[in-house]
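What follows is each chain in one-letter form.
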Amino acid sequence: MAKKVLITGIAGQDGSYLADLLLAKGYEVHGIVRRIAIEDSTHKLKNLVHLHDRLKLHVASLDNVLSLIKTVREVMPDECYHLAASSFVSYSFEDEMSILNNNINATHYLLAALKEFVPHCRFYYAGTSEMFGNVEQSPQDERTPFNPRAIYGVSKVAGYHLVKNYRSQYGMFACSGILYNHESPRRGYEFVTRKIISSAVKIKLGLLDSVSLGNLDARRDWGYAPDYVQAMWLMLQTDAPDDFVVATGETHTVREFVETAFNCLGLDYRQFVKTDPQFFRPTELVDLCGNARKITDELGWQRTRTLQQIIVEMVESELALCEGRKG
Ligand code: G4F
């Protein structure tokens, strides 16, 4: 019988690539979506269009424990990947309140529901480099202390400890992946890489004059999203649950990303890119660079794309989208 998997956040970048991967491996794939996503499927489920009727989508809300219990009991999954979260690193007060509550509660509700109804289910939790925050050592690995500097990171550290507790106290097979930034043509427009690519392509096509960005000297460790969902799956196939850092071990500045993207289109970014204080962060994290040695040595994980290759793929995909060659 096919293994059953339940994915929260299935309509996002990572969720949709994970669905692709698990369908190809023969899983029966179930996903949790909000009612609003079904009502506005053209926009909110665009990453799943190509999967059409191969998925089983369940309407539930991560802040409603009863709807989660109902879904868990209906699906009785063998594996659960908890990817849904408010994941934009915001510093606004209203956002901070809801990010903290939503992210922590959703993780707790889901773990509690699985423990109660399907305790053998293997659980993946989407941790993040934001948990390390303002680091004192670089690169970071699984032993580096957490020092989050944004509420999003604080909420993710709390979720990480919930996972650890369910593992040690209740014997659940629960793992956290500590993933650094990962990009692809399915990245949301609010994140800097997609914003740069989509603006550069629009400028090339004469649809936009310029783009305003924040700190061009900020550095990130950027990987390829499909490689990172492969890492998630590997973590749930081991003999014993554990936590792993997933990263490239290389950092690049936003400026380097911009320059490469504009170069791909034959443009000089200096003519089109402005900076605007509204896009600067009050605290910019420095030196976030991951050491993925553990997952490489123990699970054989490897990245398949350089940043240059990711940028080329994103540019080509955006061009196809803007020229109407892609849905
Ligand atoms: O693309 P970003 O918004 O990603 P950020 O904040 O690093 O967070 C992403 O990666 C984390 C690690 O995996 C995740 F936890 C999180 O959920 C999310 O996926 O910003 C990247 C960098 C920052 O240093 C920011 O200051 O780009 C800089 N930046 C410069 N100009 C900008 C802009 N970021 C955005 N979003 N928009 C700008 O105009």
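Residues numbered from 1 in each chain as written. Predicted model: local features only at pLDDT ≥ 70, side-chain atom pairs only at ≥ 80, totals over all residues. Heavy atoms only, no water.

Novice: Can you break down the pairing of strand β5 (residues 122–128) residue by residue, with the values?
Specialist: When you tally the buried positions in β5, you get six out of seven residues, the bulk of the element. Across four bridges, strand β4 (residues 79–82) lies against β5 in parallel orientation. When the bridges of β5 are listed, H82 appears paired with Y125. Taken together, β5, helix α6 (residues 151–170) and strand β6 (residues 174–179) constitute a β-α-β crossover, and its handedness is right-handed. (Buried < 20%, exposed > 50% of the residue type's maximum accessible area, 1.4 Å probe, protein only. Helix = DSSP H or I, 4+ residues; strand = E, 2+ residues; numbered from the N terminus. Pairing = 2+ DSSP bridges. Right-handed = clockwise from strand over helix to strand, strands pointing away.)

Novice: Before we move on, can you summarise the environment of D63 with the specific residues and values?
Specialist: Position of D63 relative to the elements: it lies in the loop between β3 (56–59) and α4 (65–75). On the basis of relative accessible area, D63 is assigned to the exposed category, the value being 54%. There is a polar contact of 2.4 Å between the side chain of D63 and the side chain of S61. (Polar contact = N/O pair within 3.5 Å; in protein donor to acceptor, adjacent residues only side chain to side chain.)

Novice: An account of the packing of helix α1 (residues 13–24) against helix α8 (residues 225–235) is requested, with residue identities and associated values reported.
Specialist: Running from N to C, α1 and α8 point in directions that differ by 65°, and their axes come no closer than 9 Å. The element α1 and its partner α8 pack so that their crossing is right-handed. For the pair α1 and α8, contact is made by Q13, D14, Y17, L18, L21 and L22 and by A225, P226, V229, Q230, M232 and W233, respectively. Residues belonging to the contact of α1 with α8 are distributed by class as follows: nine nonpolar, two polar and one charged. (Axes fitted to C-alpha atoms, helices over the stretch in contact; angles between N-to-C directions. Left-handed = near helix turned anticlockwise from the far one by under 90°. Contact = heavy atoms within 4.5 Å. Nonpolar A, V, L, I, M, F, W, Y, C, P; charged D, E, K, R; others polar.)

Novice: An account of the packing of aromatic side chains is needed here, citing residue identities and associated values.
Specialist: Under the definition given, this model contains eight aromatic pairs. Centre to centre, the rings of Y228 and W301 are 5.7 Å apart; their planes meet at 90°, and the pair counts as edge-to-face. Highlighted residues: Y228 in helix α8 and W301 in the loop between α10 (293–299) and α11 (307–322), separated in sequence by 73 residues. The pair formed by Y228 and W301 is uniform in burial state, with each residue classed as buried. Taken together, F132, F146, Y160 and Y180 form an aromatic cluster joined through their ring pairs. Over the ring of F191 we find R187; its NZ or CZ atom is 3.8 Å from the centre of that ring. Geometry around Y189 places R194 over its ring, the cationic atom sitting 4.0 Å from the centre. (Phe/Tyr/Trp six-rings, centres within 6.5 Å; stacked < 30°, edge-to-face > 60°. Lys NZ or Arg CZ within 6 Å of the ring centre and 35° of its normal.)

Novice: Break down the pattern of salt bridges for me, with residues and values.
Specialist: Within this structure, the stated rule accounts for 15 salt bridges. Two residues, D297 and R293, come together in a salt bridge whose shortest N-O distance is 3.7 Å. Note that D297 and R293 are positioned in helix α10 at a spacing of four residues, about one turn of the helix. By relative accessible area, D297 is classed as exposed at 57%. On the basis of relative accessibility, which here comes to 58%, the residue R293 falls in the exposed class. (Salt bridge = Lys/Arg side-chain N within 4 Å of Asp/Glu carboxyl O.)

Novice: Please provide a residue-by-residue account of the nonpolar core, values included.
Specialist: Generally speaking, a soluble globular protein has its nonpolar side chains buried in company with each other. I7, L18, L22, V29, Y81, Y124 and I295 are the most contacted members of the largest nonpolar core, which has 40 residues in total. Of all the elements in the fold, those that place two or more residues in this core are β1 (4–8), α1, β2 (28–33), β5, β6, α8, β11 (244–246) and α10. Broken down by element, this core gets its largest block of residues, eight residues, from α8. Setting aside residues no more than four positions away along its own chain, I295 makes contact with A231, M235, F244, V245, V246, G300 and W301. Membership of the second largest hydrophobic core comes to 34 residues, among which are M131, V135, V163 and A247. (Core = buried A, V, L, I, M, F, W, Y, C linked by side-chain atoms within 4.5 Å.)

Novice: How would you sum up the site of the ligand? Please name residues and give values.
Specialist: Near the ligand, the surroundings consist of 24 residues, among which S87, T128, K195, R220 and E284 are the closest. Backbone polar atom of L179 to an oxygen atom of the ligand: 3.2 Å apart, as the coordinates give it. Considering only residue class, the shell around the ligand consists of eleven nonpolar, six polar and seven charged. (Near = heavy atom within 4 Å.)

Novice: So what's going on with the domain arrangement of the chain? Residues and values would help.
Specialist: The parts lose accessible area when they come together, and the size of an interface is often stated as this lost area. In terms of domain boundaries, the chain breaks down into domain 1 (4–182 + 223–246) and domain 2 (188–221 + 251–289 + 298–326). With 28 residues of domain 1 in contact, the opposing surface of domain 2 contributes 20 residues. In total, domain 1 and domain 2 occlude about 2,200 Å² of area from one another, counting both sides; carbon and sulfur atoms represent 62% of this. Our count for the contact surface shared by domain 1 and domain 2 stands at zero salt bridges. The tally of links from domain 1 across to domain 2 stands at eight residue pairs in polar contact (both at pLDDT 80 or more). The biggest single contributor to the side of domain 1 that touches domain 2 is α8, with six residues. Looking at the side of domain 1 that touches domain 2 residue by residue, the class counts come to 14 nonpolar, ten polar and four charged. (Domains from an automatic or database assignment. Buried area = accessible area lost by both parts, 1.4 Å probe.)

Novice: Help me get a handle on the environment of Q302, residues and values and all.
Specialist: Topologically, Q302 is positioned in the loop between α10 and α11. On the basis of relative accessible area, Q302 is assigned to the exposed category, the value being 58%.

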